[in-house]
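A closer look at the structure
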Amino acid sequence: MSTLAKQIEQLNQQLSSQLPQEVLEAFGKSIQHLKTRKIEENSIQIGDQMPEFLLSNALGKIISSKEFLNKGKIILAFYRGSWCPYCNLELKFLQDNLSRIKEKGAALIAISPQNPDHSLSMVQKNDLEFEVLTDTDNHFAEQLGITFKLQDFVLPYYHKLGINLSDFNKNNGNVLPVPAVLVVDENRVVTYKFLDVNYMNRVDVEELIKVL
């Protein structure tokens, strides 16, 4: 089991002891519903060409996919937001392995629908040294087929936990990306894909580095 997997297992145990049973059941029901959507099969696949993007970073600068791909391959890590403890664990673990990623000639980019102010706070809190971009209204993620609307039955439980997506994403759509990691080569072709609608499952970083 990887270090990240161990950290996630510890987080699962912690949340299971802290959260009311009805909250855990609602989250579980939400995941089971998403599995019926077959997002993994219907989203961008290995061998497909990724659309180009122009997205704002945490400081408000517009970042171009072309700018990065001119220098080599990129890793795109889609996360739900800084309010998600699983996302924070994953991004921190990727940061811990950033030097290994760079040694392979790849650049790491994280993408979420949350606005730049929230991203900047997360970058500073976790000492992230890679670009963290805002995909406003999930336009880019939707092109990749990796978005979903959070179900109405689970929203009240998010609110009880103090998670109001409209504050983070500056819209009322309640649309999120499925946590996903893509490796894209210089020709915009996807060469590796990890995607799981169960947000508790995250990429195997050792496997990711092997494929670079």
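Thresholds, definitions, all that
Residues numbered from 1 in each chain as written. Predicted model: local features only at pLDDT ≥ 70, side-chain atom pairs only at ≥ 80, totals over all residues. Heavy atoms only, no water. Phe/Tyr/Trp six-rings, centres within 6.5 Å; stacked < 30°, edge-to-face > 60°. Lys NZ or Arg CZ within 6 Å of the ring centre and 35° of its normal. Helix = DSSP H or I, 4+ residues; strand = E, 2+ residues; numbered from the N terminus. Buried < 20%, exposed > 50% of the residue type's maximum accessible area, 1.4 Å probe, protein only. 1 Å grid on protein atoms, 1.4 Å probe; cavity = no way out; pocket = protein on both sides within 12 Å on 5 of 7 lines; lining within 4 Å. Points joined across faces, edges and corners; volume = space filled by probe spheres on them. Arc of directions from axis to C-beta. Contact = heavy atoms within 4.5 Å. Core = buried A, V, L, I, M, F, W, Y, C linked by side-chain atoms within 4.5 Å. Pairing = 2+ DSSP bridges.

**What to know about the packing of aromatic side chains**
If you walk through the whole model with that rule in mind, you get five aromatic pairs. By way of ring pairs, the aromatic residues Phe 27, Trp 83 and Tyr 158 are connected into one cluster. Lys 71 extends its terminal NZ or CZ atom over the ring of Phe 68, reaching a point 6.0 Å from the ring centre.

**As for unusual backbone geometry**
Although it is not a glycine, Asn 138 sits at a positive phi angle of roughly 60°. Its place among the elements puts Asn 138 in the loop between strand E5 (131–134) and helix H8 (139–144). The class of Asn 138 is buried, set by a relative accessible area of 3%. With a phi close to 70°, Arg 188 is a non-glycine residue in the positive phi region.

**Brief notes about empty space enclosed by the protein**
The rolling of a water-molecule-sized probe over the atoms marks out the regions of remaining empty space. Enumeration according to the criterion identifies one cavity of 30 Å³ or more in this entry. Taken as a whole, the largest cavity holds about 70 Å³ of empty space. If you trace the largest cavity, you find it lined by Ser 30, Ile 31, Leu 34, Arg 80, Phe 148, Leu 150, Tyr 158, Pro 179, Val 197 and Tyr 199. The greatest single-element share of the lining of the largest cavity, amounting to three residues, is contributed by helix H2 (residues 21–35).

**Remarks on the layout of surface pockets**
Counted as a void, the largest pocket has a volume near 310 Å³. At the level of elements, helix H1 (3–18), H2 and helix H5 (85–96) are the ones that each hand at least two residues to the lining of the largest pocket. Counting residues per element, the lining of the largest pocket draws most heavily on H2, which supplies four residues.

**Considerations on helix H7 (residues 116–126)**
Among the residues of H7, Ser 119, Met 122, Val 123 and Asn 126 are the ones counted as buried. All buried residues of H7 project into a common sector of 100° when viewed along the axis, lining one side. In H7, the exposed positions angled more than 90 degrees off the buried face are occupied by Asp 117, Gln 124 and Lys 125. Those residues of H7 that are buried lie in contact with H5 and E5.

**A few points about the nonpolar core**
Counting residues in each nonpolar core, the largest one holds 76 residues, and the members touching the most others are Met 50, Phe 53, Ile 74, Ile 75, Leu 76, Phe 78 and Phe 140. Leave out the neighbours within four places in its chain, and Met 50 touches Ile 44, Ser 65, Leu 69, Ile 74, Leu 76, Phe 140, Leu 144, Val 184 and Arg 188.

**Concerning the pairing of strand E9 (residues 190–195)**
Within E9, five of the six residues are buried, which leaves the element mostly enclosed by the surrounding structure. Bridge count for strand E8 (residues 180–184) against E9 is five bridges, and the pairing is antiparallel. If you follow Leu 182 over to E9, its bridge partner there is Lys 193. Once E8 ends, the chain turns through five residues before running back antiparallel as E9, passing Arg 188 with a positive phi of about 70°.

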